[in-house]
Structures are given as structure tokens and as C-alpha cells.
Amino acid sequence: MTGPGDRTESVALWQRWRQGASVTADGAAPDTMVLAAWADGRLDEAQAEPVEAWLADHPDALADLLAAQRLALSAPSASAAEALIERACALVPSLPDNVVALRRSGTRAPLWLSAIRWGGLAASLVVTSLVGFELGNDAYANFAGQPPAAESALHELLDPPLSVFSADEDQAT
Amino acid sequence: MADGTDLGPLIRGDKTAWDGFVRRYAGLLLAAVRVVARDGADIDDLVQEVFARLCKDDFRLLKTYDPTRAGLTTWLTIVARSTARDALRRHHVRVTPIDDVPEAQLAVEDRHVEPIKFPDELLSPRQKLVLTMLYERDMEVTEVAAALKIDPQTVRSTHHKAMLKLRTHFAVDERAPKPEDAAAKAERRG
């Protein structure tokens, strides 16, 4: 590219500029995923620019990315010791024998069945409320010793007149 | 699916998947960490630290990996090296009692030096990175080109333009009169 003299001069110029420029150079580290994408060459020019600006000021990170590129190209020949693998495997414990992992059933009740369930519950609440209201509506009149103004069908159904039972008793005797 | 590894069962806490992952990538992490480790550092401990970081908080870090954006090997190497460096920084903080330090070393020299500020935008990020790789990491042009996934000729051209900018900048800088020189001249005239 350049002769030895040119190189020395270029290095000196670069170092001189570096000393001054590094005063202002700072910024948040890009996300690890972004750095990995840069190392794999998957960023476009606009995305790569801030990463490269940051890398120029962070030689350790640049070394990491260059190492990642090298290792991605050639599968590492180093093999890990069995003891190391066992230690790392133990970081995620297996479930003890007396613990059963419960999983939510894959098949859920159909929507219509659930609608019927909730509808039935709502209807029973409405009926209970109406009955309670009807029963409680005449409570003040009963305490005052006055007969209810008008017997409703519901009231008759739930509170039948005494004659119904007395007629049965007469027939039995 | 990442580099042929299905991370789904792994991040759901499947023990068998984790064991398989450890067996497959322990060698890679070992290679990644070995260069960062200083003399005397236990490399196995550093690798363990990396694995611990990957599965910490219900695999929080591993869940951030996106196979559509980068290869798993690349991502793991970056994670491994940064984790190892952080661990070494934590473990190797040297503390010296203040009484053991000679007084001369504690003395503060009153030297007021104004830092020279060069315009940061003088060089583009790509130009800065190319010069960093060439002159600080002593990489060859072909190595820089491979790392940046560009043509070696583009590296040469980027370098050339950057050096032109620097030469022009410093030539202008040197021609401009320095404030103290101007003051001295004014004094002589007066």
C-alpha cells in the first residue's frame, strides 16, 4: 500500500489525530446482537455507521468481533474437558423424581360450551335476585300485620296458602 | 433454528437441550475465552461464567438472540469474550494501601494542559475504523477487507482519502499562527 517511510508518517498522523479526537469520542455500547450482525456483515451502510464509529474507539470490542469472524469461519479444534462440561450442565438442574411437571392440557373446552356455562351462571344469578326481591318486597307489610296488596304468581308459587296443606291433611284423616 | 441448534426447548428449561447445547458449544467458548484470559486466570472458570450468564434469570440473555440477524457462533463468541473480560476486571482489581505508596507518587503535579480537540467528524466512521485496523491492530489490507466484507481496493481508497484529509487538516493547522506567537509578536511591536 505504502512504503516504510510513508507508513511511519501515516501512523504518526493517525496517532496525532487520535490523541485529539479521542477526547470527544464516547457513547453507549451497541447491543450484542447488533455487534454480531455487524460481524456477520448483515447491517446496511446506515446501520453499520454508528457501530463502526463506536468500534473505532473501543479496540477491545473490535478484537472481539474480529475473533468472532475468525471462529465462525473455522470450527474451533479445542475440546472442552469433561469436568468443565459436567459443571456447566449442572447449571440447569433436572427435576427431582418426586416432582411431576404439570402442563396445561392442549385441548381447551370449545367456545360454545364455555358460553353455556357462563350463560347458565348469569341466568341463575338473575333468577336468585328476582326471587330475593319478590320475597323481600312484602316483608314490611307482613311485619305490619297487613295482607299483601296483590299476590303475585311467583309469591304464590313459593309461599302457597295454608289451605293447600290443610286439604291434604283432611283427606288423610 | 440457529446454526442447526433449536433453541426453543433450551430456553423453556429443557435439561436435555441444555446439556446438548453445553456439549456442542463448550469448545467454541473455550477458544473464545482463551485469548482474553490473562496468565494465571482459570479458563474453565471463565467458561463456566459464560454458561452461567447464558442461563441466568430463566435464560434471559439467550432469549435475546435472534437467528435472523446473526449466526449463533458469532453471537456466542462476542458474549463469551465480553463476559470473560468483565469477570477478569472484577476479579483483578488490585488494591494497594495508601501507606504503602511513596509520597512522591501521591503528589499531584499542577500541569494545566488544554486538550487539543480535533473535529471528530473529520473522518467518517468507516475511515476511522480502517485506520484503527491498519495502524493499531497492524492488520493487512486483505484482512481489513475480509473483516469489513469489502474489496481490498475499497480499503486502499478509504485509507488514501482518510490520509489526505489528515494531511490537509494538519497542514492548515500548522500554518495557522499560534496564540502565544501572535502575543509575542504584538509585544515586540509595542
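Asks: Mind showing me how you'd approach the packing of helix H5 (residues 82-89) of chain A against helix H2 (residues 15-36) of chain B here?
Replies: In a pair of packed helices, the angle between the axes and the distance between the axes together describe the arrangement. It is at 9 Å that the axes of H5(A) and H2(B) come closest, and there the two elements cross at 145 degrees. Viewed along their axes, H5(A) and H2(B) form a crossing whose handedness is right-handed. Packed against H5(A), whose contacting residues are Leu84(A), Ile85(A), Ala88(A) and Cys89(A), the element H2(B) presents Trp18(B), Asp19(B), Val22(B), Arg23(B) and Ala26(B) at the interface. Within the contact of H5(A) with H2(B), the residues separate by chemical class into seven nonpolar, no polar and two charged.

Asks: In this structure, what is going on with the nonpolar core? I would like to understand it.
Replies: Here is a general trend for soluble globular proteins: nonpolar side chains tend to be buried in one another's company. In terms of nonpolar packing, the biggest core is built from 67 residues, with Ala26(B), Leu29(B), Val33(B), Val47(B) and Val50(B) touching the most fellow members. For this core, the element with the most residues is H2(B), which contributes 12 residues.

Asks: Sorry if this is basic, but what is going on with the confidence of the model for chain B here?
Replies: Atomic detail in the predicted coordinates should be set aside for any region of low pLDDT. All names here are of chain B. Residues at a pLDDT of 70 or more form 71% of chain B, whose mean pLDDT is 80. Per-residue pLDDT, averaged within each element of chain B, yields its smallest value for helix H9 (residues 179-189) (55) and its largest for helix H7 (residues 141-148) (92). Interface confidence in the predicted complex, given as ipTM, is 0.71; pTM for the same model is 0.61.

Asks: Help me understand the interface of chain B and chain A in this model?
Replies: One frequent convention defines the size of an interface as the accessible area lost when the parts assemble. Listed by partner, the interface residues are 56 residues for chain B and 49 residues for chain A. At the level of elements, H2, helix H3 (43-63), helix H4 (72-91), helix H6 (125-135), H7 and helix H8 (152-175) of chain B are the ones that each hand at least two residues to the side of chain B that touches chain A. No other element matches the 12 residues that H2(B) contributes to the side of chain B that touches chain A. Looking at the side of chain B that touches chain A residue by residue, the class counts come to 29 nonpolar, 11 polar and 16 charged.

Thresholds applied
- Residues numbered from 1 in each chain as written.
- Chains lettered and ligands numbered in written order.
- Predicted model: local features only at pLDDT ≥ 70, side-chain atom pairs only at ≥ 80, totals over all residues.
- Axes fitted to C-alpha atoms, helices over the stretch in contact; angles between N-to-C directions.
- Helix = DSSP H or I, 4+ residues; strand = E, 2+ residues; numbered from the N terminus.
- Left-handed = near helix turned anticlockwise from the far one by under 90°.
- Contact = placed C-beta atoms within 7 Å.
- Nonpolar A, V, L, I, M, F, W, Y, C, P; charged D, E, K, R; others polar.
- Core = buried A, V, L, I, M, F, W, Y, C linked by C-beta atoms within 7 Å.
- Buried ≥ 20, exposed ≤ 12 C-beta atoms within 10 Å, placed from the backbone.
- pLDDT = per-residue confidence, 0-100.

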